[in-house]
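Take a look at the letters that make up each chain.
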Amino acid sequence: MSFTAMGKNSIDPSLLNSYVGKDIKDICPNAYSNPDLNHCAHFVSHVLGLHRIASEKTGGSCGKGEFGANTRVAEVFSQCSSVYEFNSCPSVICGLIFVSSPSNFVSKPGRVPVIRNVKKKHIGIIYNQNIWHYSNTKDRVVVQTMAEFIRHYRKQKNALWYGEIPSYAKPRPWATSA
C-alpha cells in the first residue's frame, strides 16, 4: 500500500480520502462505535493499523490482533518515534498532528515529551497541510486545513504538535478495514 519511508513515513492522500464522510461504525470491524465516545485516536489507529499500542493498564483499545486499534490520544502520542511542537518542527509532508492546550504538552529537558491525559486533546493525520480526523461532533471523518484544525477547541488557546508515524504502521484502505 502507499506507505513508504523517505526519511519520514508517508501515506497516500487517496487512502485518507477513502475515509472522508465515514462514521466510525463503518470503519471499526470490532463494533466499538458508541457515538458518545471520542473516536479520533480510534480512527487514526484503524487507518494506520496501530493495533499494538494499547496499554493493558488503561484498556484503551478496541479488539485485539491485526484489526484491533488503540483508542487513546496519549498512547498514540507516546508511540511516535519523534514529536515536536509544530512551529519548531522541520518541513512536514506527512505524519500525525495533535491539538490541545499548550500546557497539556509536557516537554522537559532529557525526557520524552508527553501529552497529558485530559479531555480536550485531539489527533489527526496531516499530509501537505491538510488534516484528516474523526469529528466527534459530526460523527464522521472530515478533512480540514491547519487553520481550521487549530481552532478545534474554540474556547481555549491551542497548540499543535507533530508526531512521526510509528514505523510499524500498516495503513489500510477503507474498503478492507471494515
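Higher on the page you've got the structure.
Residues numbered from 1 in each chain as written. Predicted model: local features only at pLDDT ≥ 70, side-chain atom pairs only at ≥ 80, totals over all residues. Heavy atoms only, no water.

## Remarks on the overall build of the protein
No. 1: Scanning the protein from terminus to terminus reveals six helices and twelve strands.
No. 2: Taken over 178 residues, the protein has a buried fraction of 47%.
No. 3: Within the protein, residue pairs in contact and separated by at least 24 positions form 65% of the contacts whose partners lie at least 6 positions apart.
No. 4: Carbon and sulfur atoms provide 50% of the accessible area of the protein, an area that totals close to 9000 Å². (Helix = DSSP H or I, 4+ residues; strand = E, 2+ residues; numbered from the N terminus. Buried < 20%, exposed > 50% of the residue type's maximum accessible area, 1.4 Å probe, protein only. Contact = heavy atoms within 4.5 Å. Areas by Shrake-Rupley, 256 points an atom, 1.4 Å probe, with all protein chains shown as cover.)

## Focus: the sheet that holds strand β6 (residues 94–100)
No. 1: On the basis of which strands lie adjacent, the open sheet formed by six strands has the order β5-β12-β6-β9-β10-β11 and antiparallel pairing. Because the sheet does not close on itself, it has two edges, and the strands there are β5 (83–85) and β11 (140–145). This sheet shows a mean twist of 30° between the axes of neighbouring strands, independent of strand direction.
No. 2: As defined by bridge partners, strand β9 (residues 121–127) adjoins strand β10 (residues 130–135) across three bridges and the pair is classed as antiparallel. What sits directly across from I125, in β10, is W132.
No. 3: Docked against the sheet, helix α3 (residues 40–48) engages β6, β9, β10 and β11, running at close to 35° with respect to β9. (Pairing = 2+ DSSP bridges. Axes fitted to C-alpha atoms, helices over the stretch in contact; angles between N-to-C directions.)

## A closer look at the pairing of β11
No. 1: Bridge count between β10 and β11: six bridges; the pairing is antiparallel. Along β11, the bridge assignment pairs H133 with V142.
No. 2: Where β10 folds back on β11, the antiparallel hairpin that results is connected by four residues, among which D139 adopts a positive phi of roughly 55°.

## Quick notes on the environment of H152
No. 1: Structurally, the position occupied by H152 is in the loop between α5 (146–149) and β12 (159–163).
No. 2: The partly exposed category is assigned to H152, whose relative accessible area is 28%.
No. 3: Spatially, the C-alpha atom of H152 lies 9.3 Å from that of K120, the residues being 32 residues apart in sequence.
No. 4: Not counting residues up to four positions away in its chain, the partners in contact with H152 are V99, H122, H133 and N158.

## Side note on the side chain of E164
No. 1: Of note, E164 is situated in the loop between β12 and α6 (174–177).
No. 2: Look at E164 and you get buried, because its relative accessible area is 15%.
No. 3: Polar side-chain contacts of E164 include one of 3.3 Å to the side chain of S81. (Polar contact = N/O pair within 3.5 Å; in protein donor to acceptor, adjacent residues only side chain to side chain.)

## Quick look at α3
No. 1: Where burial is concerned, most of α3 is hidden: nine out of the nine residues are buried.
No. 2: Three or more residues of α3 are buried, namely C40, A41, H42, F43, V44, S45, H46, V47 and L48.
No. 3: The first or second residue beyond α3 is G49, which carries a positive phi of 65°.

## As for the layout of surface pockets
Think of a ball as big as a water molecule: rolled over the atoms, this probe shows where empty space is left.
No. 1: What the largest pocket holds in volume is close to 690 Å³.
No. 2: Lining the largest pocket are 29 residues, and of these N38, C40, K121, H122 and N136 lie nearest its centre.
No. 3: When residues of the lining of the largest pocket are traced back to their parent elements, those giving at least two are α3, β9, β10 and β11.
No. 4: For the lining of the largest pocket, a count of residues per class yields eight nonpolar, twelve polar and nine charged. (1 Å grid on protein atoms, 1.4 Å probe; cavity = no way out; pocket = protein on both sides within 12 Å on 5 of 7 lines; lining within 4 Å. Points joined across faces, edges and corners; volume = space filled by probe spheres on them. Nonpolar A, V, L, I, M, F, W, Y, C, P; charged D, E, K, R; others polar.)

Coordinates in, geometry out; function isn't part of it.
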